[in-house]
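# Results of the structural survey
If you want the building blocks of each chain, they are given just below.
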Amino acid sequence: MDLARVSRHAEAEWWVEPHGAMRVPAVVYASEPLMREMDEKVYEQACNVASLPGIVKAAYAMPDAHWGYGFPIGGVAAFDEEEGVISAGGVGFDISCGVRLLETPLTREQLEPFKQALADALYHEVPVGMGRTGRVHLDDAELDAMLAGGARWAVEQGYGAWEDLPRIEEGGCMAGARPESVSRRARSRQADEMGTLGSGNHYLEVQHVARVEDARLAEAYGLREGQVVVSIHCGSRGLGHQIGTEYLREMSLEAARHGLTLPDRELACAPIRSDVGREYLGAMRAAINCALANREIITHLVRRAFERVTGVSGLRLLFDVSHNTCKVEEHEVDGKRRRLFVHRKGATRAFGPGHPDLPPGLREVGQPVLIGGSMGTASYVLAGTEESEARAFSSSAHGAGRSHSRHDALRLWRGREVVDSLASRGILIRSPSMRGVAEEAPGAYKNVVEVVDAAEVAGLSHKVARLEPLACIKG
Amino acid sequence: MHAETQPPGGGERSWGHLRHGSDIGVWGRGRTLEEAFERAGVALCAVMTEPSRVEPREAVAVCCEAPDVEVLFSDWLNALVYEMAARRMLFSRFEVHLADGRLEGRAWGEPVDVARHEPAVEVKAATLTGLRVKREEDGGWYAQCVVDV
């Protein structure tokens, strides 16, 4: 990004003052090196978001922001209920894609004799990649129940554990879902996909805590150095993709009817108080429940494989966070509490200490913010901070973001060589596609350390622990 | 990060991919609009697997209708994404007929065989990003957009 077009307000905070159609500033949180590397499109898209009706305070971009459609990936924007809009492009196609982290009582050394068998068992147990169906098949009535119930439905069906629910955003069940707003096509894409991981950057990774960055918070989260943990990264699968496709099209074609002048067609949106706005909100919330149920079922499969191989049961869920959502939240704006529709696209909710929506055990210290890695690189656990609310409506980064296109990655790496090279570092990869592994090579991603450092310097979240991979199941 | 949505200049290729930071662009070029759409279908297949590995054993009919030709192109790709996902198939051969804003087409392919096709990634949707359908100087047609993977 051209730094001549932004003004620096703090070490990791850059502003674009309102100009043209912008109603509010655009604010980018990033270090200077990340800013220099960042897409020009992030500037353009953040300015476009800042021009939407009813936007409150500013359009924000997180340190891992890059070019998306309509909103940048890593974009955050909150809208007033009366004047504001809801945007399908501001949520994304993979609705409620997110990460959860399971804690095990094992140390890295204790796991070592089981590592190969565990990688094989997880690969066997959890369906990954394109064309794989899950073992849970839902008819229409069961789909309705899942779309209304989320992870709570999954637990009721015997997948997962009741004690997981408080450790999931919304207690595992997003209120206000409208299964009746989910089309026949979206349903048919999901009927056989429950409990599947998907492909691309989605993964299931066995990791160890390589370094504790904040001893007090790590203890509160139950993390200690050398401990084995499991991360699951996936979303709402075909159902969410289809809902995104259908509403993006409808909002794009009907914007003018709602009196909206879009600076860019892909910034498709509708008034929150319009019929299509309400329908999208209901369908999107149903897709959030689908993602929460999906991650809960996968968790059940992971626990089963883990117990069979290592004899260890009851892996505890630290937390489950979503990256692509629009949620109704209260935030302080100019000294007043306001009810806002907060879009986070490729961004994580990061409630600070004392937030009433956090469960006991986390409320005192702040919400875990989980930053995903990329097979060979580190992942991070951070915590929401008090100042995060004032910075970006309690939001933080979500991952490293790609630095090389898939095309370049295929030119630079061979899947087999990536697998062998990671194996020589003690990291086992299981994947149905060597081409997929090459496209997702660790070198194709930005340096995650720069992203989490910038998030910390900007006051968006605080580092708790660094995780490193031991085995990765990749779609 | 560098992002391109410009079609590659010159050359004889009739379909291909565009560099994009996190996703990937697909394009097709043809003597007619129909041919450009068909070839973009091959580019879509090539995001997931090598098209020559997909045998055109079964045909699936696809219909869509849109108020303009760019939205129609996006709808065509999204219809293919939907049919592949719902039927767990890959398509490698395409036929498109256009009339009065309506597309009637067919796609040939086979069920996904993970061992043989080694699908690298599934396409979630065709986006409106980089969406462009245009007539070229030589009278041919060109169509492109970014797909979310």
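Conventions we followed
Residues numbered from 1 in each chain as written. Chains lettered and ligands numbered in written order. Predicted model: local features only at pLDDT ≥ 70, side-chain atom pairs only at ≥ 80, totals over all residues. Heavy atoms only, no water. Pairing = 2+ DSSP bridges. Helix = DSSP H or I, 4+ residues; strand = E, 2+ residues; numbered from the N terminus. Axes fitted to C-alpha atoms, helices over the stretch in contact; angles between N-to-C directions. Contact = heavy atoms within 4.5 Å. UniProt positions renumbered as here; feature names shortened; annotations may be inferred. 1 Å grid on protein atoms, 1.4 Å probe; cavity = no way out; pocket = protein on both sides within 12 Å on 5 of 7 lines; lining within 4 Å. Buried < 20%, exposed > 50% of the residue type's maximum accessible area, 1.4 Å probe, protein only. Polar contact = N/O pair within 3.5 Å; in protein donor to acceptor, adjacent residues only side chain to side chain. Points joined across faces, edges and corners; volume = space filled by probe spheres on them. Nonpolar A, V, L, I, M, F, W, Y, C, P; charged D, E, K, R; others polar. Phe/Tyr/Trp six-rings, centres within 6.5 Å; stacked < 30°, edge-to-face > 60°. Expected span 1.5 Å × (residues − 1).

## Some thoughts on the sheet that holds strand E4 (residues 89-99) of chain B
Hydrogen bonds between backbone groups are what pair the strands of a sheet, and the pairing can be parallel or antiparallel. Residue and element names in this part refer to chain B. In spatial order, the strands read E3-E5-E4; together these three strands make up an open sheet with antiparallel pairing. Edge positions in the open sheet fall to strand E3 (58-65) and E4, since each of these has one partner strand only. Direction aside, neighbouring strands of the sheet carry axes that sit 20 degrees apart on average. Bridge count for E4 against strand E5 (residues 102-111) is 10 bridges, and the pairing is antiparallel. If you follow leucine 90 over to E5, its bridge partner there is glutamate 110. Along the sheet face, helix H1 (residues 33-48) touches E4 and E5 and points at about 165 degrees away from the line of E4. Strands in contact with helix H2 (residues 69-87) are E3, E4 and E5; relative to E3, the strand with the most contacts, it is inclined by about 140 degrees.

## Notes on the UniProt feature "binding site: Mn(2+) 1" (unreviewed entry) in chain A
Residue and element names in this part refer to chain A. The UniProt entry lists Asp94 and His202 under the feature "binding site: Mn(2+) 1" (unreviewed entry), expressed in the numbering used here. Across 109 residues of sequence, these annotated residues stay compact in space, with a maximum C-alpha separation of 11.0 Å. Checking the annotated residues one by one, the ones that line the largest cavity turn out to be Asp94 and His202. As for its position among the elements, aspartate 94 is in the loop between strand E6 (85-87) and strand E7 (98-107). Classification of aspartate 94 as buried rests on a relative accessible area of 4%. Mapped onto the secondary structure, histidine 202 falls in the loop between helix H6 (184-190) and strand E8 (203-212). One polar contact links histidine 202 to aspartate 94, side chain to side chain, over a distance of 3.1 Å.

## Considerations on empty space enclosed by the protein
All chains considered together, the criterion is met by four cavities of 30 Å³ or more. Lining the largest cavity are 35 residues, with His66, Ile73, Asn201, His233 and His398 of chain A sitting closest to its centre. In terms of residue class, the lining of the largest cavity is built from 10 nonpolar, 16 polar and nine charged. Surrounding the second largest cavity, Met130, Arg189, Glu193, Gly238 and His241 of chain A together with Met48, Val81, Met84, Ala85, Glu122 and Val123 of chain B form its lining. Here the element with the most residues in the lining of the second largest cavity is H2 of chain B; it accounts for three residues. Considered class by class, the residues forming the lining of the second largest cavity number six nonpolar, two polar and three charged.

## Structural notes on the packing of aromatic side chains
Applying the stated rule across the entire model yields seven aromatic pairs over all chains. Seen in terms of ring centroids, tyrosine 69 of chain A and phenylalanine 93 of chain A are 4.9 Å apart; in terms of plane orientation they differ by 45 degrees. Their pairing is tilted. Taken together, the positions of tyrosine 69 of chain A in the loop between strand E4 (55-66) and strand E5 (73-80) and phenylalanine 93 of chain A in the loop between E6 and E7 put the pair 24 residues apart, joining distant regions of the chain. Here the aromatic rings of tryptophan 76 of chain B and phenylalanine 94 of chain B are separated by 6.0 Å at their centres, their planes lie at 80 degrees, and the arrangement is edge-to-face. Taken as a pair, tryptophan 76 of chain B in helix H2 and phenylalanine 94 of chain B in strand E4 lie far apart in primary sequence, 18 residues in all.

## Brief notes about helix H9 (residues 275-310) of chain A
Counting along an α-helix, one turn takes 3.6 residues, and residues three or four places apart therefore face a common direction. Residues and elements named next belong to chain A. Here H9 contains 36 residues, and its C-alpha end-to-end distance of 52 Å stays within 8% of the 52 Å for a straight helix at 1.5 Å per residue. In terms of residue burial, H9 counts as a mostly covered element, since 29 of its 36 residues are buried. Count one or two residues on from H9 and you reach glycine 311, which has phi positive near 85 degrees.

## What to know about the pairing of strand E7 (residues 132-135) of chain B
Residues and elements named next belong to chain B. Pairing between E7 and strand E8 (residues 141-148): four bridges, direction antiparallel. The residue of E8 that forms the bridge with arginine 132 is glutamine 144. Here E7 hands over to E8 after five residues, with glycine 139 in that stretch at a positive phi of 95 degrees.

## With respect to the environment of glutamate 417 of chain A
Among the structural elements, glutamate 417 of chain A can be located in helix H12 (residues 415-424). Remark: the alpha-carbon pair of glutamate 417 of chain A and alanine 441 of chain A, spanning 24 residues in sequence, is separated by 10.0 Å.

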